[in-house]
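Understanding the architecture of this molecule
Read off the chains here:
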Amino acid sequence: MDTLIAHQTWKIILPTLVVLLAACLYLIWLRRKKMAVDEPQAIKRFGKIVGIARRTVIDRMIEGLIVLDDKNRILDINSSAQRIFRISLPKMVGQPAEAVFGPYDDLLENMRYSSRKNQNLHLRIDNEDFYYLLDINPLFDSHGVVLGKMLVFHDITPLKITENKLIEAKARAEQADTLKSAFLANMSHEIRTPMNAIIGFSNLLNDEDVSNEERNEFIEHIKNSGNSLLQLIDDIIDISRLDAGQIVVEKRLMSLTRFLAELFSYYNEELQESGKREVQLLVTGITENVDWTIMADGPKINRVMRHLLDNAIKFTHAGFVEFGMKVESPESLLFYVQDSGIGIAKEKQGMIFERFSQVMIGTWQDYGGTGMGLAICKEIVTLHGGKIW
């Protein structure tokens, strides 16, 4: 009886177990089928994410990056490189690098190589100078075949500018040292010459055989040499005071008509006494019955004009020396000095307002002077808020 019941039970359970097993197998098959369908999509999605990430990194690089194929055709240019060369990627893809970068000989020379490290590159773009360190790296496939190359530009422009400034500063320091030596030698000459004249002619005054006419001539030489020495000392003191910021502009009411008339009277007499009768002195800006007045430091303006006129007369042997003033606007007044003298070579005109300029332009051997006068003039004019050229 029991055996019969057990047999009946298995007849009922067994079909149920078969159905459950079949259902489980079906579910497993469905899951695997779904995974088989989703896997390529997942791989594709993963590849897309990696591509976006790689593109983002490349575009955010500070360094410029250019990818070329084995024929030197452009495949890719990141954002930094586009900014460097003022170009856009869509227009450049597939273009020969030689055509795109033709103006940059230094870059084209480096592009001949498939591998370069830390090459100094100087590019002039839109009239500006830029400096880079260039690395060129070859690109290989899985079999070691060269597919192209990648150019990486490291911007070193700020470092190069600083380096150039240091080189220029060193050159200026060396020039200043040379000028100082030349200036001291010239200064020694400028001091000894009037001192020798003063001592020599003073000794001659003790000679009882000297006539009154000769005595007066010697006294005149002593006076002129004393004035030259005094001018030299004044220049040295003024340069020192300007460097120390001790010269202050003291503006007072100044009569321009009287100022120009006094200068004309003084230098007209100077020309006669110096024997330069072939040089005509001209003045403009003096208007009859009109007295122009300005607020300025009269003695310092006088010093500037005297320096300019002294130079004009010194370097003019025949022709004219003209000076005067012009009203350019209610706020601007132009003083000028011009002459028909020997002039200055164009390449040296920028030096004349530098200290000891006569040493640089080579006129002190023939005409004397320390080269400080125009430098002092420039400083005084600048203190007045003006400019001199």
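Our subject is the structure that appears above.
The notes below deal with the structure included here. Quick caveat, the model's predicted, so the values are computed rather than measured.

Observations concerning the overall build of the protein chain
If you tally the helices and strands in the protein chain, you get 12 helices and 10 strands. Evaluated residue by residue, the protein chain yields a buried proportion of 29% over its 389 residues. Looking at the protein chain alone, contacts between residues at least 24 apart form 54% of all its contacts between residues at least 6 apart. If you sum the accessible surface of the protein chain, you get close to 25,800 Å²; carbon and sulfur atoms cover 57% of it.

Side note on the pattern of salt bridges
Using the criterion set out here, one finds 10 salt bridges in the structure. As a salt-bridge pair, arginine 112 and glutamate 109 come within 2.6 Å of each other at their nearest N and O atoms. Where lysine 170 meets glutamate 174, a salt bridge forms, and the shortest distance between an N and an O atom there is 2.6 Å. Of the two residues, lysine 170 and glutamate 174 both sit in helix α6 (residues 157-204), four residues apart, roughly one turn of that helix. Classification of lysine 170 as exposed rests on a relative accessible area of 52%. The exposure class assigned to glutamate 174 is partly exposed, which follows from its relative accessible area of 43%.

With respect to helix α12 (residues 373-383)
Turning to α12, its buried residues are Gly373, Leu374, Ala375, Ile376, Cys377, Ile380 and Val381. Packing partners of the buried residues in α12 comprise α7 (212-243) and α9 (298-314). Where α12 ends, the next residue or the one after it, glycine 385, has phi of about 80 degrees, a positive value.

Things to note about a negative patch on the surface
On the surface, Asp207, Glu208, Asp209, Glu213, Glu214 and Glu217 cluster together into a patch of negative charge. By the secondary structure assignment, aspartate 209 is in the loop between α6 and α7.

Topic: the sheet that holds strand β4 (residues 128-140)
As summarised here, the arrangement of the five strands in space is β2-β1-β5-β4-β3, forming an open sheet in which the pairing is antiparallel. Edge positions in the sheet fall to β2 (74-77) and β3 (116-125), since each has one partner strand and no second. If you compare each strand with its neighbour and ignore which way they point, the axes differ by 25 degrees on average. Looking at chain direction, β3 and β4 are connected through eight bridges and run antiparallel. Each bridged residue has a counterpart across the sheet, and for arginine 124 the counterpart in β4 is aspartate 129.

Remarks on the sheet that holds strand β10 (residues 332-339)
Reading across from one edge, β7-β9-β10 is the order of the three strands in this open sheet, with mixed pairing throughout. The sheet terminates laterally at β7 (279-284) and β10, the two strands that pair on one side only. Within the sheet, the average angular offset between the axes of one strand and its neighbour, ignoring direction, is 10 degrees. Helix-sheet contacts for helix α8 (residues 256-273) involve β7, β9 (319-329) and β10, and the interaxial angle to β7 is about 180 degrees. Against the sheet, α9 touches β9 and β10, its axis set at about 20 degrees to β10.

Cut-off values and rules
Residues numbered from 1 in each chain as written. Predicted model: local features only at pLDDT ≥ 70, side-chain atom pairs only at ≥ 80, totals over all residues. Heavy atoms only, no water. Helix = DSSP H or I, 4+ residues; strand = E, 2+ residues; numbered from the N terminus. Buried < 20%, exposed > 50% of the residue type's maximum accessible area, 1.4 Å probe, protein only. Contact = heavy atoms within 4.5 Å. Areas by Shrake-Rupley, 256 points an atom, 1.4 Å probe, with all protein chains shown as cover. Salt bridge = Lys/Arg side-chain N within 4 Å of Asp/Glu carboxyl O. Patch = residues over 30% accessible without salt bridge, like charges linked within 9 Å, V, L, I, M, F, W, Y side chains within 5 Å. Lys, Arg positive; Asp, Glu negative; His and termini not counted. Charge placed at Lys NZ, Arg CZ, Asp CG, Glu CD. Pairing = 2+ DSSP bridges. Axes fitted to C-alpha atoms, helices over the stretch in contact; angles between N-to-C directions.

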